[in-house]
Amino acid sequence: MNFPLYFSSVHVAHLLFISVTPALYGEASVQVRVVDVNDNGPVFHPSIFHFRVKENTAVSQSIGRISVDDPDLDPPNGGPFSFQIATDNEEGLFWINNVTGEFFTRATFDRERRARYTLGIKAFDSGNPQQESATMVHVQILDDNDNQHSSGTLTLVLNSYKGKFPGGVVGKVYVIDEDINDRRMYKVLTSSSAYFSVERTTGMIISRSNPPKGDHSFTVKVSDVNSSFSEVICTVFIKVKEVTAEAIQKSIALRLGGLSRKKFVTTVLPRFKESVAGILQTSEDNVDLFSVQKAPKTLDAIDIRFAAHGSPYYAPERMRAILKNSWDIVSKALKVDILLIGVDECLNEACAPRGCTNVLRANGEVEVISAKKTAFASIRVEVIAKCESCNEQEKVEQPCSAQLCLNGGTCVDTPDGK
């Protein structure tokens, strides 16, 4: 049962008075002090140090300073800092001031004996318990002109596509010298060709455009700016080879792993033609190696492209079959890791159910690979995977030099290659 509730006017006034009475409160300030704890070691700036000293300089040379700071309070948990060499420092060749961090030599260095040293360094703060950090110091020994240079011979293979070569720098006169930064002067004494010259202060060999195929040679007098050293005579041999369109189209490529282009030119190239010629049962002169390129889409690998002929050029399919059957012999002869015999870019294309054709293209671009006494002008060859069209099979461009016409027919090259 519900009962009505009634308030008198006196009671209502009393309730209103209670509702507007403010609350009572107070304020106070609190300070919190964070006490530092030595929980960080010294921080090196920079994180790794690189110092340099020239060979043949006197001992006790200051070559740098170790710099540190500390995120902990200083003092008592940061500086002063102390330092020490943490690893074996090659029979005491260096020392460090354990208070200032200054780094000194204790020996006279010979760059030709050793050009770089690496040491471990530790730094300690003054906290309790003491914190430590470690880093590395690399010391480079700079070259001093202290060795007599001697005569060197450079052999350069200059490949030109269809007899066309744009000209430019093709190598450098090779001088045997243990020093690396000597200032020299170069003067051509005798030359069998007017197509090549030598830059006087750098020794760079400059070729005019389109040098004729064949052998070229010249001798160069090389003198050191340091007049205490004798002049020497260096020799340059250049073989200009004309690579035809047929050689490009009839070529195959070997993909070699774990090898740079410079290493191939200096270590593998001298025996490459001999090894491949023996396997293909032809002469070395009939093996035309004309391209050494970085392998596309593959790390740490190069593609070596060549053609071989008696008369006429061997079919690429024949060379691939012979070399694949002799895979172990080829690898052993060249002393390299062979990844592929016959590079096929169609393997990377999704042309199915249509067919795919590898198309070789060369625009005459040449890149010179120079390494001490050997230089090689490599023709850039692009391998393009072309899928067949839906309506008809795309025709592969073939030049007239491929001898396509039989029975007295005449072939004419046209701009579009048809």
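The structure presented is a predicted model; accordingly, all values stated were derived computationally and were not measured.

### Focus: helix H4 (residues 316-325)
Within the sequence span of H4, burial applies to Pro316, Met319 and Leu323. All buried residues of H4 fall inside an arc of 65° around its axis, so they share one side. Looking at H4, the residues exposed on the side facing more than 90 degrees away from the buried face are Glu317 and Asn325. Looking at the buried residues of H4, the elements they touch are helix H2 (245-249), strand E17 (252-257), helix H3 (261-280), strand E19 (301-308), helix H5 (327-334) and strand E20 (337-341).

### Section: the environment of aspartate 328
Following the sequence through the fold, aspartate 328 ends up in helix H5. The class of aspartate 328 is exposed, set by a relative accessible area of 66%. Sequence separation between aspartate 328 and isoleucine 338 is 10 residues; the distance between their C-alpha atoms is 9.2 Å.

### Here we look at the pattern of salt bridges
Per the counting criterion, the structure on display carries 13 salt bridges. A salt bridge links arginine 65 to glutamate 102; the nearest nitrogen and oxygen atoms lie 3.7 Å apart. You can see arginine 65 sitting in strand E3 (residues 62-65) and its partner glutamate 102 sitting in strand E7 (residues 102-105), a full 37 residues away along the chain. Ionic pairing is found between glutamate 231 and lysine 221, a salt bridge with its closest N-O pair at 4.0 Å. Here glutamate 231, found in the loop between strand E15 (214-224) and strand E16 (232-243), pairs with lysine 221, found in strand E15; they are 10 residues apart in sequence, far enough to count as distant. Through salt bridges with shared partners, a single network forms among Arg111, Glu112 and Asp143.

### What to know about the confidence of the model for the chain
Close inspection of predicted coordinates is inappropriate in any region flagged by low pLDDT. Per-residue confidence for the chain gives a mean pLDDT of 86, with 86% of residues at or over 70. Ignoring residues within four places in sequence, the model shows residues 7-13, a span with pLDDT below 50, making 1 contact including any to other chains. Within the model, pLDDT remains below 50 along residues 414-418, and this stretch shows 4 contacts once partners closer than five positions in the same chain are excluded.

So, how was this worked out
Residues numbered from 1 in each chain as written. Predicted model: local features only at pLDDT ≥ 70, side-chain atom pairs only at ≥ 80, totals over all residues. Heavy atoms only, no water. Buried < 20%, exposed > 50% of the residue type's maximum accessible area, 1.4 Å probe, protein only. Helix = DSSP H or I, 4+ residues; strand = E, 2+ residues; numbered from the N terminus. Arc of directions from axis to C-beta. Contact = heavy atoms within 4.5 Å. Salt bridge = Lys/Arg side-chain N within 4 Å of Asp/Glu carboxyl O. pLDDT = per-residue confidence, 0-100.

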